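As a plain string of letters, each chain reads:
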Amino acid sequence: MYRFFVEKNRIQENLIEICGADVNHIKNVLRMRVGEPLLVSDGEDREYLCRICEIGKEHVMAQIEDVNGPCRELPVKVTLFQALPKGDKMETIIQKMVELGVCQIVPVRTKRCVVKLDEKKAENKVKRWNTISLSAAKQSKRGIVPEVFHPVTFQQALEQAKQMDLVLIPYENAEGIAYTRSVLEKINPKMQVGIFIGPEGGFTLEEVTKAKEAGALEITLGKRILRTETAGMALMSAIMILNEQE
């Protein structure tokens, strides 16, 4: 069933108004008709089972049939602090991490990042990244649309992470997969978890040291060296499996 996101002020007692680009998508791409069912989310994990009752030129009206369908969000709120990768890897990272359940993504400029974004380029990139997040949220039937923020420095990212209950930094020189398991198994529902993923060249020793001094736990993801676009997905998958609710 197709899913759409609307602002809360578009939700009435029994009706939901869908506007904007989704109208064209419903009418001309999906070719949906009056009477067909769809899912609508308010972006705050409230889900509405609806049925189209009117298709107009600039809006689609949907009749609410049920509220609060199955909760699709993880009880753990995970923030990805992703060092800026080369090429279009960031788009893949955003798409897959949203599918896996991350709640927000913070791009980070680290010492070994090759990508340099000026203000204009960063603005355009962030818009593009949030469009990808929205699309991935729809496809995976998320209850929220994870926000992708403007890039920050490594130090700024560490300051943000201080507010979280647990911060993890996978590092290729870390040892002991048993320790990684023990850390992940201690994650409780309602916790806020931050994960730091380095760029293609990895974090510098100085950055890892600063992260540990700020309270981050250094962990390993195994004996194999993972690419920047793989490491976050591997860690997020483990957190998802351990914390997914029935």
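As a reminder, the structure under discussion sits directly above these lines.
These figures come from a predicted structure and were not determined experimentally.

> Would you mind showing me how to read the pairing of strand E3 (residues 37–41) here?
The element E3 is largely enclosed, with a buried count of 4 among its 5 residues. Judged from the 3 bridges that link them, strand E1 (residues 3–5) and E3 form a sheet pairing that is parallel. Bridging across to E3, Phe5 finds its partner in Ser41. Across 5 bridges, the pairing between E3 and strand E4 (residues 47–55) is antiparallel.

> Explain the environment of Gln82 to me, please; I cannot follow it from the model alone.
By the secondary structure assignment, Gln82 is in strand E6 (residues 77–83). Sequence-wise, Gln82 and Val106 are 24 residues apart; in three dimensions their C-alpha atoms are separated by 6.2 Å. Residues in contact with Gln82, not counting those within four places in the same chain, are Met90, Ile93, Val106, Pro107, Val108, Ile197, Gly198 and Thr228. There is a polar contact of 2.8 Å between the side chain of Gln82 and the side chain of Thr228.

> How do you make sense of the layout of surface pockets when you look at a structure like this?
Over the atoms a probe the size of a water molecule is rolled, and this reveals where empty space is left. When its volume is computed, the largest pocket comes out at roughly 490 Å³. Along the wall of the largest pocket there are 29 residues; nearest its centre are Tyr171, Glu172, Ile225, Leu226 and Ala231. No other element matches helix H7 (residues 228–243), which puts 3 residues into the lining of the largest pocket. For the lining of the largest pocket, a count of residues per class yields 13 nonpolar, 8 polar and 8 charged. By volume, the second largest pocket is sized at about 320 Å³.

> Is there a simple way to explain the environment of Thr79 in this structure?
Structurally, Thr79 can be placed in strand E6. Along the sequence, Thr79 and Val114 sit 35 residues apart, while their C-alpha atoms lie 23 Å from each other. Only 3.0 Å separates the side chain of Thr79 from the side chain of Gln104, close enough to count as a polar contact.

> How should I be thinking about H7 in this particular structure?
Along an α-helix, a turn takes 3.6 residues, which lines up residues three or four apart on a common side. For H7, which comprises 16 residues, the first-to-last C-alpha distance of 23 Å matches the rise-based estimate of 22 Å (1.5 Å per residue) to within 8%. Every buried residue belonging to H7 is among Thr228, Glu229, Ala231, Gly232, Met233, Leu235, Met236, Ile239, Met240 and Asn243, and all of these are buried. Check the buried side of H7 and you find it contacts E6, helix H2 (89–100), strand E10 (166–170), helix H5 (177–185), strand E11 (192–197) and strand E12 (217–219).

> What is the right way to read the pattern of salt bridges from this model?
Between side chains of opposite charge, a pair can form as their charged atoms come close. Under the definition given, this model contains 12 salt bridges. In this structure, Arg142 and Glu73 form a salt bridge, with 2.7 Å as the shortest nitrogen-oxygen distance. Of this pair, Arg142 sits in the loop between helix H3 (119–139) and strand E8 (147–148) while Glu73 sits in the loop between strand E5 (59–67) and E6, placing them 69 residues apart in sequence. We note that Arg142, like Glu73, is buried. A salt bridge links Glu159 to Lys162, with the nearest nitrogen and oxygen atoms 3.1 Å apart. Owing to a relative accessible area of 39%, Glu159 belongs among the partly exposed residues under this scheme. With a relative accessible area of 49%, Lys162 lands in the partly exposed category. One network of salt bridges, with partners in common, ties together Lys111, Glu206 and Lys210.

> Is there a simple way to explain the sheet that holds E3 in this structure?
The strands making up a sheet associate through hydrogen bonds between their backbones, and the pairing can be parallel or antiparallel. Pairing is mixed in the open sheet, where 5 strands are placed in the order E1-E3-E4-E5-E2. Both edges of this open sheet fall to E1 and strand E2 (15–19), since each of them pairs with a single strand only. If you compare each strand with its neighbour and ignore which way they point, the axes differ by 40 degrees on average. Packing of helix H1 (residues 21–29) onto the sheet brings it into contact with E1, E2, E4 and E5, and relative to E2 it is tilted by some 95 degrees.

Parameters at a glance
Residues numbered from 1 in each chain as written. Predicted model: local features only at pLDDT ≥ 70, side-chain atom pairs only at ≥ 80, totals over all residues. Heavy atoms only, no water. Buried < 20%, exposed > 50% of the residue type's maximum accessible area, 1.4 Å probe, protein only. Helix = DSSP H or I, 4+ residues; strand = E, 2+ residues; numbered from the N terminus. Pairing = 2+ DSSP bridges. Contact = heavy atoms within 4.5 Å. Polar contact = N/O pair within 3.5 Å; in protein donor to acceptor, adjacent residues only side chain to side chain. 1 Å grid on protein atoms, 1.4 Å probe; cavity = no way out; pocket = protein on both sides within 12 Å on 5 of 7 lines; lining within 4 Å. Points joined across faces, edges and corners; volume = space filled by probe spheres on them. Nonpolar A, V, L, I, M, F, W, Y, C, P; charged D, E, K, R; others polar. Expected span 1.5 Å × (residues − 1). Salt bridge = Lys/Arg side-chain N within 4 Å of Asp/Glu carboxyl O. Axes fitted to C-alpha atoms, helices over the stretch in contact; angles between N-to-C directions.

Functional significance is not addressed by these values, which are geometric in nature.
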